[in-house]
Amino acid sequence: MTAQGEKRVLSIQSSVVFGYVGNKSATFPLQLHGYDVSTINSVQFSNHTGYGKWKGQVLNAEEAHDLFQGLRINNLLDFTHVLTGYIGSESFLKKVGEVVKELKSKNPNLIYVCDPVMGDDGKLYVSEALVPVYRTQILEQADIITPNQFELEQLTELPVETEEQAFIAMNKLHDRGVGIVVLSSSNLGVNSNMLCLASIRQEKVSKRYRLQIPVVNAKFVGTGDLFAASLLTWMDKEKDLKPALEKTVSVVQHVIKKTYERALKLAAPEETPTAAQMELQLISSKENIENPTVLFLAEEIEYKV
């Protein structure tokens, strides 16, 4: 049982032996902030797929059921938060939806943060069969959701090519019961900036925010997982979307900066850093994860239904 004041997170997403993506990217930051993290690895690979070569295993729905059943029979499903990321199987995702529903029936105050990892840049990298599951079983349970631009389009079946269209799509998710929607990344920014948008619609508050982020011309893997874990943390601590968003974005940007600076030192002259050199530098970013200097301020914009 969870003692009063204790925070326990069930994190269900991918994991790797080497590097930082999925559960490896989410667990350390959560633990730094005092969360007891239990992990289920939807896949366990030697390294992330951006290397081009990898080995490992994919957890199927039956194996996931066994893990949940083991927790259930030992009365170990007493969580305050659930965090989900990459899940590659339709049956596994349906099982997650069932378990989150069960956990919420036991603890109505449980917060479910969903990073709906489906694809990017106009392409799915999961089976199309997962999309309707996200639209139904998962959205029905999610309290906070962090899609990118492409994923927001997939969830809502609406175009997201302007800021106005993004908020229309985010409103559709609010209509489905999701209290907080954060567009974690998009190409809607100006002057080569990435645009992050956030919207909250709950009983006592309805607000929207815009945050412009300078783009670093490099490929980072695991930043979305870090973003979702950080947003869980800072919303829980701040109880206010504006500072939570600012701190979440700043954590990710601090880690990106440290990662890229190190990678450039390690890379051969005039060469692009390798996937190994670009692994997120979470451990050396400990102080910035725990107490980030806010780098960017969120601008509140008029809320329209």
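Residues numbered from 1 in each chain as written. Predicted model: local features only at pLDDT ≥ 70, side-chain atom pairs only at ≥ 80, totals over all residues. Heavy atoms only, no water.

As for the overall build of the protein chain
Cut-off, in case you're wondering: Note on conventions: DSSP H or I runs of at least 4 residues are helices, E runs of at least 2 residues are strands, and numbering of each starts at the N terminus. Here the globule rule is a power law, 2.2 Å times the number of residues to the power 0.38, and the radius of gyration is based on C-alpha atoms. By definition in these notes, contact holds between two residues if any of their heavy atoms fall within 4.5 Å. As used throughout, the charge tally considers Lys and Arg to be positive and Asp and Glu to be negative, leaving His and the chain termini uncounted. Positions of charges follow a simple convention, taking NZ of Lys, CZ of Arg, CG of Asp or CD of Glu.
Assigned secondary structure in the protein chain consists of nine helices and twelve strands. The C-alpha atoms of the protein chain give a radius of gyration of 18 Å, which matches the 19 Å a tight globule of 305 residues would have. Reported as C-alpha extents along the three principal axes, the dimensions of the protein chain are approximately 55 × 45 × 40 Å. Across the protein chain, the fraction of contacts at a sequence separation of at least 24, relative to all contacts at a separation of at least 6, is 69%. Side chains of the protein chain carry 31 positive and 37 negative charges; the gap between the two charge centres is 3 Å.

Structural notes on the state of the cysteines
Each disulfide consists of one covalent bond between the sulfur atoms belonging to two cysteines. Heads up, the condition is: Cysteine sulfur pairs qualify as disulfides if the two atoms are within 2.5 Å. Under the scheme applied here, a residue whose accessible area is under 20% of the maximum for its type counts as buried, over 50% as exposed, and between as partly exposed, the area being computed with a 1.4 Å probe on protein chains only.
The full count for this structure, using the stated rule, is zero disulfides. No disulfide involves Cys 114; its sulfur sits 16 Å from that of Cys 196, the nearest cysteine. We classify Cys 196 as buried; its relative accessible area is 0%.

Things to note about the pattern of salt bridges
As a reminder, the rule being used: Salt-bridge detection follows one rule: a side-chain nitrogen of Lys or Arg within 4 Å of a carboxyl oxygen of Asp or Glu.
Scanning all chains against the criterion turns up 14 salt bridges. For the salt bridge of Arg 210 with Glu 299, the shortest nitrogen-to-oxygen distance reads 2.8 Å. On the criterion of sequence distance, the pair formed by Arg 210 in strand β11 (residues 205-214) and Glu 299 in strand β12 (residues 299-301) is long-range, its members being 89 residues apart. Judged by relative accessible area, which is 18%, Arg 210 ranks as buried. Residue Lys 242 is joined to Glu 246 by a salt bridge in which the shortest nitrogen-to-oxygen separation is 2.6 Å. In this pair, Lys 242 and Glu 246 both sit in helix α8 (residues 241-266), four residues apart, roughly one turn of the helix. Among the residues examined, Lys 242 registers a relative accessible area of 28% and is labelled partly exposed. Taking the relative accessible area as the measure of exposure, Glu 246 reaches 7% and is therefore buried. Each of Lys 7, Asp 236 and Lys 239 takes part in a single network of salt bridges with overlapping partners.

So, the sheet that holds strand β2 (residues 36-45)
Operational definition: Only strands joined by at least two bridges in the DSSP assignment are considered to pair.
Here we have ten strands laid out as an open sheet, ordered β3-β2-β1-β4-β5-β8-β9-β10-β11-β12, and mixed in their pairing. In the strand order of this sheet, the two ends are held by β3 (56-58) and β12, each with one partner. With four bridges joining them, strand β4 (residues 81-84) and strand β5 (residues 111-114) adopt parallel strand pairing. The residue of β5 that forms the bridge with Leu 83 is Val 113.

Brief notes about the side chain of Ser 14
One can find Ser 14 in strand β1 (residues 8-16). Using a relative accessible area of 11% as the deciding quantity, one classes Ser 14 as buried. If near-sequence neighbours (up to four positions away) are discounted, Ser 14 is found in contact with Val 21, Gly 22, Asn 23, Asn 41, Ser 42, Val 43 and Tyr 86.

A closer look at the packing of aromatic side chains
Heads up, the condition is: Aromatic pairing here means that ring centres of Phe, Tyr or Trp (its six-membered ring) are within 6.5 Å. Orientation follows from the plane angle: under 30 degrees is stacked, over 60 is edge-to-face, and everything else is tilted. Charges are assigned to positions over rings by a cutoff of 6 Å between ring centre and Lys NZ or Arg CZ, combined with an angular limit of 35 degrees from the ring normal.
Using the criterion set out here, one finds two aromatic pairs in the structure. Where Phe 220 meets Tyr 260, the ring centres are 6.2 Å apart and the plane angle is 70 degrees; that geometry is what we call edge-to-face. Taken together, the positions of Phe 220 in the loop between β11 and α7 (223-238) and Tyr 260 in helix α8 put the pair 40 residues apart, joining distant regions of the chain. Judged by its relative accessible area of 23%, Tyr 260 is partly exposed. Sitting over the ring of Phe 79, Arg 8 keeps its end group 4.6 Å from the ring centre.

As for the pairing of β2
Applied cut-off: Seen with its strands pointing away from the viewer, a crossover is right-handed if its path from the first strand over the helix to the second goes clockwise.
Pairing of β1 with β2, which is carried by eight bridges, proceeds in the parallel orientation. Residue pairing for β2: Val 9 is matched across the bridge by Val 37. Handedness of the crossover joining β1 and β2 through helix α1 (residues 23-32) is recorded here as right-handed. Pairing analysis gives three bridges linking β2 to β3, with the strands arranged antiparallel. Paired with Phe 45 across the strands is Gly 56, a residue of β3.

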